[in-house]
Number of protein chains: 2
Amino acid sequence: MREMKLSRAFTLIEPGPVVLVTTRDKGRSNIMTISWIMVQDFTPVFALVTGSWNYSFAALRKTKECVIAIPTVDMLDQVVGIGTCSGGDTDKFAKFGVTAVAGKAVGAPLIAECLANIECKVIDLIQRHDIVMLEGVVAHIDVGRKEKRMLHAVGDGTFVADGRKYDRKKMMATKLPTGL
Amino acid sequence: MREMKLSRAFTLIEPGPVVLVTTRDKGRSNIMTISWIMVQDFTPVFALVTGSWNYSFAALRKTKECVIAIPTVDMLDQVVGIGTCSGGDTDKFAKFGVTAVAGKAVGAPLIAECLANIECKVIDLIQRHDIVMLEGVVAHIDVGRKEKRMLHAVGDGTFVADGRKYDRKKMMATKLPTGL
């Protein structure tokens with residue numbers, strides 16, 4: 001995994017993938033599966049929906065740090081497994097065979113098996129809508145990884161993997177930041 | 001296009017597709033392409049990022065109504081075209097050959113060519129983050145449509161279509177609302 005340009009980090013979230021969000025508090029790391037996340041701008045600022053129904057929320061609110069890890073289709077059963085048990089009684093890294101790796105800027109760990117990881121700081125909480133605003137501070141990507149297809153949750157227990165790609169960079173040139 | 005259960009409308013947005021958002025004000029309908037949208041819950045409440053940089057924003061703020069239309073992969077060039085010109089000087093329905101159809105609950109039109117349409121009311125504005133909170137009130141789906149693959153924007157001018165599907169309903173049963 002190597003560092004990627006932070007200005008490109010939003011391109012990991014804009015397609016709408018399911019993500020894994022790690023936190024670390026009192027020497028324990030945890031992971032939650034989240035599909036309710038969106039890009040905020042052409043900057044590494046993201047809006048995430050979470051709240052006290054997620055065990056990780058207390059650590060996120062207290063430490064104001066997390067890592068957004070991007071899993072791929074080969075990790076589907078880990079993603080679902082992580083999302084259907086609680087860090088309150090489970091060491092999810094051990095149970096689901098994923099590897100915590102120290103980040104550079106936050107205490108929450110990267111997940112080594114993921115396609116990419118974005119170290120984030122909490123910059124705001126919009127409590128009336130359970131929205132947490134995050135700013136990415138360091139981004140990492142595994143450029144050598146063969147499987148790069150992200151997963152999208154439909155919300156009814158089914159998932160869709162990335163399919164065919166289309167390039168419309170020329171048509172969109174006027175609307176995109178330079179240097180992407 | 002026929003009405004679908006409103007309780008399933010979030011399954012159209014949770015996968016993270018690019019959407020078309022229609023508004024109507026002073027007898028003129030308009031469309032914007034939006035990729036910055038997320039589900040808020042297992043309810044038809046959505047968070048959308050928009051602001052004064054979108055011509056439609058004034059109509060959305062004034063009328064407090066819009067329609068979220070879900071295009072599919074065969075509509076890619078219309079989606080990009082709609083997103084790269086302004087309703088200030090363009091009748092996008094005429095220019096991009098899409099058909100406005102009256103909804104049931106809001107003044108903004110449905111788009112006949114889309115896979116699905118969700119009529120929405122604005123329920124909150126979070127101005128410091130340019131987030132508009134929407135609640136779907138009626139949802140429609142074209143069940144006979146053959147092309148159902150949604151589009152995901154990467155954000156750099158490339159797009160990804162829906163690919164292979166996976167069913168994990170059994171694994172997720174404890175986490176999903178009943179009746180989905």
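What counts, and where the lines are drawn
- Position labels on residues start from 1 in each chain and follow its written sequence.
- Key to labels: chains lettered from A, ligands numbered from 1, both in the order written.
- For a predicted model such as this one, the threshold for reporting local features is a pLDDT of at least 70, and the threshold for listing and counting side-chain atom pairs is 80 or more; totals across whole chains, interfaces and linings nevertheless cover every residue.
- Only hydrogens and water are set aside; all other atoms, that is, all heavy atoms of the structure, feed into the side-chain values.
- For this overlay, a least-squares fit was computed on C-alpha atoms, restricted to residues scoring pLDDT of at least 70 in both copies.
- Residues are treated as being in contact if the distance between any of their heavy atoms lies within 4.5 Å.
- Buried area counts how much accessible surface, traced with a 1.4 Å probe, disappears from two parts once they are put together, with both parts' losses summed.
- A pairing counts as a salt bridge when a side-chain nitrogen of Lys or Arg comes within 4 Å of a carboxyl oxygen of Asp or Glu.
- A run of H or I in DSSP becomes a helix once it reaches four residues, and a run of E becomes a strand once it reaches two; helices and strands are each numbered from the N terminus.
- Residue type decides the class: Asp, Glu, Lys and Arg count as charged, Ala, Val, Leu, Ile, Met, Phe, Trp, Tyr, Cys and Pro as nonpolar, and the leftover types, Gly among them, as polar.
- Two strands pair if DSSP finds at least two bridges between them.
- Exposure categories follow from relative accessible area, calculated using a 1.4 Å probe and restricted to protein chains: below 20% of the type maximum is buried, above 50% is exposed, and the middle band is partly exposed.
- Nitrogen and oxygen atoms within 3.5 Å of one another constitute a polar contact, given that in protein one can donate a hydrogen and the other can accept it, and given that sequence-neighbouring residues count only through two side-chain atoms.
- For helices, the fitted line uses only the C-alpha atoms of the stretch in contact; every axis is such a line through C-alpha atoms, and the angle between N-to-C directions lies from 0 to 180 degrees.
- As a per-residue measure, pLDDT reflects the predictor's confidence and takes values from 0 up to 100.

Q: Hey, could you run me through the relation of the copies chain A and chain B in this one?
A: Each of the two copies of the chain can be brought onto the other by a rotation about an axis and a shift along it. Superposition record for chain A on chain B: RMSD 0.0 Å, screw rotation 180 degrees, translation along axis 0.0 Å. Overall, the copies show the geometry of a two-fold rotation axis. Of all interface residues in chain A, 100% are interface residues in chain B too; the two copies therefore contact each other through one and the same surface.

Q: What is the right way to read the interface of chain A and chain B from this model?
A: Often, the extent of an interface is quoted as the loss of accessible area on bringing the components together. Contacts between the two partners involve 55 residues from chain A and, on the opposite side, 55 residues from chain B. Summing the contributions of chain A and of chain B, the shared interface buries around 4,900 Å²; its carbon and sulfur component is 60%. On the chain A side of the interface with chain B, the three residues burying the most area are W36(A), M38(A) and Y166(A), jointly 14% of the side's total. Across the chain A-chain B interface, the total number found is six salt bridges. In this structure, R128(A) engages D124(B) in a salt bridge whose closest nitrogen and oxygen atoms are separated by 2.7 Å. With 10 residues, the single largest contributor to the side of chain A that touches chain B is strand β12 (residues 158–167) of chain A. Across the side of chain A that touches chain B, the residue classes break down as 27 nonpolar, 13 polar and 15 charged. Across seven bridges, β12(A) lies against strand β12 (residues 158–167) of chain B in antiparallel orientation. Each residue of the ladder has a partner; that of F159(A), found in β12(B), is Y166(B).

Q: Just to check I follow, could you spell out the environment of R24(A) for this structure?
A: All names here are of chain A. Position of R24 relative to the elements: it lies in strand β2 (residues 19–25). Relative accessible area serves as the criterion here: at 35%, R24 is assigned to the partly exposed category. Residues R24 and V73, 49 residues apart in the sequence, show an inter-C-alpha distance of 25 Å. Setting aside its immediate chain neighbours within four residues, R24 contacts S29, T63, G107, A108 and P109. Side-chain polar atoms of R24 contact the backbone oxygen of G27, separated by 3.1 Å. At 2.6 Å, the side chain of R24 forms a polar contact with the side chain of S29.

Q: Would you mind showing me how to read the sheet that holds strand β11 (residues 151–153) of chain B here?
A: Strand pairing in a sheet is mediated by backbone hydrogen bonds. Such pairs are either parallel or antiparallel. Pairing is antiparallel in the open sheet, where four strands are placed in the order β11(A)-β12(A)-β12(B)-β11(B). Edge positions in the open sheet fall to β11 (151–153) of chain A together with β11 of chain B, since each of these has one partner strand only. The sheet shows a mean angle of 45 degrees between the axes of neighbouring strands, direction not considered.

Q: I tried to follow the confidence of the model for chain A on my own but got confused; where do I start?
A: For residues with low pLDDT, the predicted coordinates do not support detailed interpretation. With 100% of its residues at a pLDDT of 70 or more, chain A has an overall mean of 96. Overall fold confidence for the complex sits at a pTM of 0.97, while the interface term, ipTM, reaches 0.96.

Q: Help me out: how do you make sense of the pattern of salt bridges in this one?
A: If the charged atoms of two oppositely charged side chains come close together, the side chains can form a pair. Residues and elements named next belong to chain B. This structure, assessed with the given rule, holds 16 salt bridges over all chains. Between R149 and E147 there is a salt bridge whose closest N-O contact spans 2.9 Å. Residue class for R149 comes out partly exposed when judged on its relative accessible area of 32%.

Q: What should I look at first to understand unusual backbone geometry in this one?
A: Phi is positive for K26(A), which is not a glycine, with a value near 50 degrees. Tracing the sequence through the fold places K26(A) in the loop between β2 and β3 (28–34). In this structure, D130(B) takes a positive phi of about 55 degrees despite not being glycine. Along the polypeptide, D130(B) turns up in the loop between β9 (116–126) and β10 (131–141).

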